[in-house]
Amino acid sequence: MTSGNKTYISELKNNVAQEVTLTGWLYNSRASGKIQFLIIRDGTGLCQCIVEKGNVPDELFEQLKHLGQESSLTVTGTVRAEERSVGGYELAVTNAEIISPATDYPITPKSHGTDFLLKNRHLHLRSQRQWCIGKIRHTVIDAIRRFFNDNSFTLIDTPILMSMAGEDQQSLFEVDYFGTPMFLTQTGQLHLESAAMSFGKVYCFGPTFRAEKSKTRRHLTEFWMVEPEVAFIDLTGLLELAENFVSFITAQVLETNRSELETLGADIASLEKIQPPFYRLTYTEAVDILTGQKTKDFLAKELQELQNQKQQIETKISELENKQTGQLKQWQKDKIAAELIELRSDISEVDTKIENNPKHAKLAAEFQWGKDLGGSDETIISQMHDKPVFVTHYPREAKAFYMKTDRNNEEVVLNFDLLAPAGFGEIIGGSVREDDHDRLVARIKDQGLDIENYNWYLDLRKYGSVPHGGFGLGVERTITWLTGEKHIRQCIPFPRLMDKVYI
Ligand code: ATP
Ligand code: MN
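Worth saying up front: this structure is predicted, and the values here are computed from it rather than measured. Starting afresh in each chain, residues are numbered from 1 along the sequence in its written order. The order in which chains are written sets their letters, starting at A; the order in which ligands are written sets their numbers, starting at 1. This being a predicted model, a pLDDT of at least 70 is required before a residue's local features are given, and a value of 80 or more before pairs of side-chain atoms are given or counted; all residues contribute to the totals for chains, interfaces and linings. The side-chain quantities take in all heavy atoms of the structure and omit both hydrogens and water.

**Q** What is the right way to look at the packing of aromatic side chains in this model?
**A** Pairs of aromatic rings are described using the distance from one ring centre to the other and the angle between the two planes. Working definition: rings of Phe, Tyr and Trp (its six-membered ring) pair if their centres are within 6.5 Å, and the pair is stacked with planes under 30 degrees apart, edge-to-face with planes over 60 apart, and tilted otherwise. Evaluation of the coordinates by the stated rule reveals 19 aromatic pairs. With 5.4 Å between their ring centres and 80 degrees between their planes, phenylalanine 401 and tyrosine 402 make a pair best called edge-to-face. For the pair phenylalanine 401 and tyrosine 402, one class covers both residues: buried. Geometrically, the ring pair formed by phenylalanine 401 and tyrosine 454 is edge-to-face, given 5.2 Å between the ring centres and 70 degrees between the ring planes. Taken together, the positions of phenylalanine 401 in the loop between β14 (389-392) and β15 (405-406) and tyrosine 454 in the loop between α13 (437-446) and α14 (455-459) put the pair 53 residues apart, joining distant regions of the chain. Exposure is judged per residue with a 1.4 Å probe applied to protein chains only, and the accessible area is read against the type maximum: over 50% gives exposed, under 20% gives buried, and values in between give partly exposed. A residue is classified by how much of its surface remains accessible, and phenylalanine 401, at 4% relative accessible area, is buried. For tyrosine 454, a relative accessible area of 2% corresponds to the buried category. Only runs of H or I of at least four residues qualify as helices and only runs of E of at least two qualify as strands under DSSP, and these elements are numbered from the N terminus.

Quick look at the structure:
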């Protein structure tokens, strides 16, 4: 081992002017004559290490010059503050030790296609973007637990193997359980309701499985969901709980991961607005908005903006294409090629939006009261708001059997979806649960479910039934919204998608 105190990059601030040793991997490097710049990553951050000829043995200087990306090594040197450097500190290297040299690491700093990166997810996890997202994911999960633990909720672990459906029958994954079919859990809610009658305030937090038949940017087949359930609560109480919860998670991420958010290009100013109260709309009000003039104007304006955006990107592309024909160094060519890949993917994205705009306008204009809100309808409502918006009181027929009807208007239920702002859409779904035994039996029968499966669930309405409710928040949905990532698959380390499971 080389000399110097072993430390982590995140701790360099406490070691200025001291000699330290870092252990890590070579993230990037460039050499110019007698000086080399090695960017080292060690799991806690990045640090630029400067190797000057004469300050290290000549043989080592040559070895480092040819060291491949992702080789593992230790570096020893003196820490100095350098504002312009990544992380704010640099190391003036006095010694280094190569642990395991790597050659031809497949993921280079150039652009790669999505498919390639997903196939190489086991390596791509080391990238700066995946690292930032992973750090934010950790904070989100920590904040979720902290919020409920600090508010006197008890954690209940609900089963993953289920004998009955909790959500729609269409999205069940079947498992052969010693010759009997069982299903992977779609929600812990039903079991959680029984625990709420023992502990009052409970939550479950675990993996959730839905055989989603559609390919969207917002659906995984395996995702993590946290679900609180509370005895003696009404819809107003649930909305307050949800807005405090989401605001707490957002504040924790802003406090802990500001630099990761910056690296990812997240919209920090918008996140700073995420504080109670959120907006509240009833489903009926949402339908009035969708079918009204406001939506027409909104979508017309959006189309105009998209067309302008397209023109701007096209201009940029032709500028770069012209530049490409000039005399250039290899690194300049690579940079332009990478930029062009980005811009072309931006264009195809804008094109899709331009194509969808009239379709979404038609869907919204012709929306019939009684249907569930579709993805594009949610997007429109969410785009019109700069803070999350609750949509409440959906039509009974569009919703699950366990939702309690509004006793003032039995056509609707006491439920809500929480839509994240700026076009993101749903991150939470929740409701007050039907607590009347006979009404619940009728609802189970109405929906063609086998009452035999629900006897234990009905018991909860026989022995001291109370008003109660809860909701489910999707962890990856939340992270996708907070980070501004385009696709939910980036927000779980090893995504499971309808069309493909890579590794
Ligand atoms: P959507 O309409 O968006 O499919 P849902 O109505 O099926 O959502 P709920 O059953 O209310 O969703 O589940 C609660 C939360 O779980 C959702 O608000 C969302 O954050 C998350 N969620 C649901 N399905 C998925 C999925 N396939 N992938 C990732 N997250 C999901
Ligand atoms: Mn769904």
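**Q** Any chance you could explain empty space enclosed by the protein here in plain terms?
**A** With a probe scaled to a water molecule rolled over the atoms, the places where space remains empty come into view. The method works on a 1 Å grid over the protein atoms by themselves. A cavity is a set of points holding a 1.4 Å probe that cannot get out, a pocket is an open set with protein on both sides within 12 Å along at least five of seven lines, and residues with an atom within 4 Å of a point line them. Grid points are joined across faces, edges and corners, and a volume is the space filled by probe spheres set on the points. Summed over all chains, the structure comprises one cavity of 30 Å³ or more. Taken together, Leu118, Arg121, Phe494, Pro495, Arg496, Tyr502 and Ile503 make up the lining of the largest cavity. Under the grouping applied here, Gly and all other residues not named as nonpolar or charged are polar, the nonpolar ones being Ala, Val, Leu, Ile, Met, Phe, Trp, Tyr, Cys and Pro and the charged ones Asp, Glu, Lys and Arg. When its residues are assigned to classes, the lining of the largest cavity shows five nonpolar, no polar and two charged.

**Q** Whenever I open this one, the site of ligand 1 confuses me. Can you help?
**A** Think of it this way: one heavy atom of a residue within 4 Å of a molecule or strand is enough to make that residue near it. Taken together, 16 residues surround ligand 1, and among them Arg210, Glu212, His219, Leu220 and Glu426 come closest. Definition of a polar contact: a pair of N or O atoms within 3.5 Å, with one able to donate and the other able to accept a hydrogen when the atoms are protein atoms, and with sequence-neighbouring residues admitted only if both atoms are side-chain atoms. Contact distances for ligand 1 include 2.7 Å between an oxygen atom and a side-chain N or O atom of histidine 219. Between ligand 1 and glutamate 426, the relevant distance is 2.7 Å, taken from an oxygen atom to a side-chain nitrogen or oxygen of the residue. For ligand 1, whose free accessible area comes to 580 Å², the fraction covered by protein is 84%. Going through the elements one at a time, β12 (222-231), β18 (425-432) and β19 (468-474) are the ones with two or more residues in the shell around ligand 1. When residues in the shell around ligand 1 are grouped by element, the largest group, four residues, is from β18. Classifying every residue of the shell around ligand 1 gives six nonpolar, four polar and six charged. Calculation of accessible area relied on Shrake-Rupley with a 1.4 Å probe; when residues are assessed, cover is drawn exclusively from the protein chains displayed.

**Q** Sorry, what's going on with the pattern of salt bridges here?
**A** Two side chains bearing opposite charge may form a pair once their charged atoms approach each other closely. Any Lys or Arg side-chain nitrogen located within 4 Å of an Asp or Glu carboxyl oxygen qualifies as a salt bridge. Scanning all chains against the criterion turns up 27 salt bridges. The partner of glutamate 70 in a salt bridge is arginine 126, with the nearest N and O atoms 3.0 Å apart. Within this pair, whereas glutamate 70 is found in the loop between α1 (58-65) and β5 (72-81), its partner arginine 126 is found in the loop between α3 (121-124) and α4 (128-150), the two being separated by 56 residues in sequence. What makes glutamate 70 buried here is its relative accessible area of 6%. What makes arginine 126 partly exposed here is its relative accessible area of 29%. Put simply, glutamate 378 and arginine 218 hold a salt bridge, and the shortest N to O gap is 3.5 Å. With glutamate 378 in helix α12 (residues 375-383) and arginine 218 in the loop between β11 (201-209) and β12, the pair connects residues that are 160 residues apart, well separated along the chain. Overlapping salt bridges bring together Arg41, Glu70 and Arg126 as one network.

**Q** Would you take a moment to explain the sheet that holds strand β17 (residues 415-420) for this structure?
**A** By way of backbone hydrogen bonds, the strands of a sheet pair with one another, either parallel or antiparallel. With respect to topology, eight strands assemble into an open sheet ordered β7-β11-β12-β19-β18-β17-β14-β13, the strand pairing being mixed. What marks the edges here is a single partner per strand, and that holds for β7 (154-155) and β13 (279-282). Relative to β18, β17 runs antiparallel, the two sharing six bridges. From the neighbouring strand, aspartate 417 faces β18, where its bridge partner is glycine 429. Across the sheet, helix α5 (residues 189-199) is in contact with β7, β11, β12 and β19; its angle to β12 comes to roughly 35 degrees. By definition in these notes, contact holds between two residues if any of their heavy atoms fall within 4.5 Å. Angles shown run from 0 to 180 degrees and are taken between the N-to-C directions of axes, each axis being a line fitted to C-alpha atoms and, for helices, limited to the stretch in contact. The sheet contacts of helix α6 (residues 235-256) involve β12, β13, β14, β17, β18 and β19, and relative to β19 the element is tilted by about 30 degrees. The rule for pairing is simple: two strands pair if DSSP sees at least two bridges between them.

**Q** What exactly am I supposed to notice about helix α11 (residues 330-365) here?
**A** The periodicity of an α-helix, 3.6 residues per turn, causes residues three or four positions apart to be oriented the same way. The end-to-end C-alpha separation of α11 is 53 Å, in line with the 52 Å expected for 36 residues at 1.5 Å each. The complete set of buried residues in α11 reads Ile336, Ala338, Leu340, Leu343, Ile347, Val350, Ile354, Asn357 and Ala364. On its buried face, α11 sits against α9 (283-291), α10 (293-324) and α12. To estimate the expected span of a helix, count its residues, drop one, and scale the result by 1.5 Å.

**Q** What is the right way to look at the pairing of strand β6 (residues 89-100) in this model?
**A** Consecutive side chains of a regular strand alternate in pointing toward one face of the sheet and then the other. Judged from the three bridges that link them, strand β4 (residues 46-52) and β6 form a sheet pairing that is parallel. Directly across from cysteine 49, in β6, lies its bridge partner leucine 91. Looking at chain direction, β5 and β6 are connected through ten bridges and run antiparallel. Residue pairing across strands places arginine 80 opposite glutamate 90, the latter belonging to β6.

**Q** Can you walk me through a nonpolar patch on the surface in this structure?
**A** On the surface, a nonpolar cluster with roughly 220 Å² of combined accessible area is contributed by Leu125, Phe494 and Ile503. With respect to the helices, strands and loops of the structure, leucine 125 is situated in the loop between α3 and α4. Note on leucine 125: relative accessible area 31%, which makes it partly exposed. Nonpolar side chains (Val, Leu, Ile, Met, Phe, Trp, Tyr) are joined into patches within 5 Å and like charges within 9 Å, using only residues with over 30% relative accessible area and no salt bridge.

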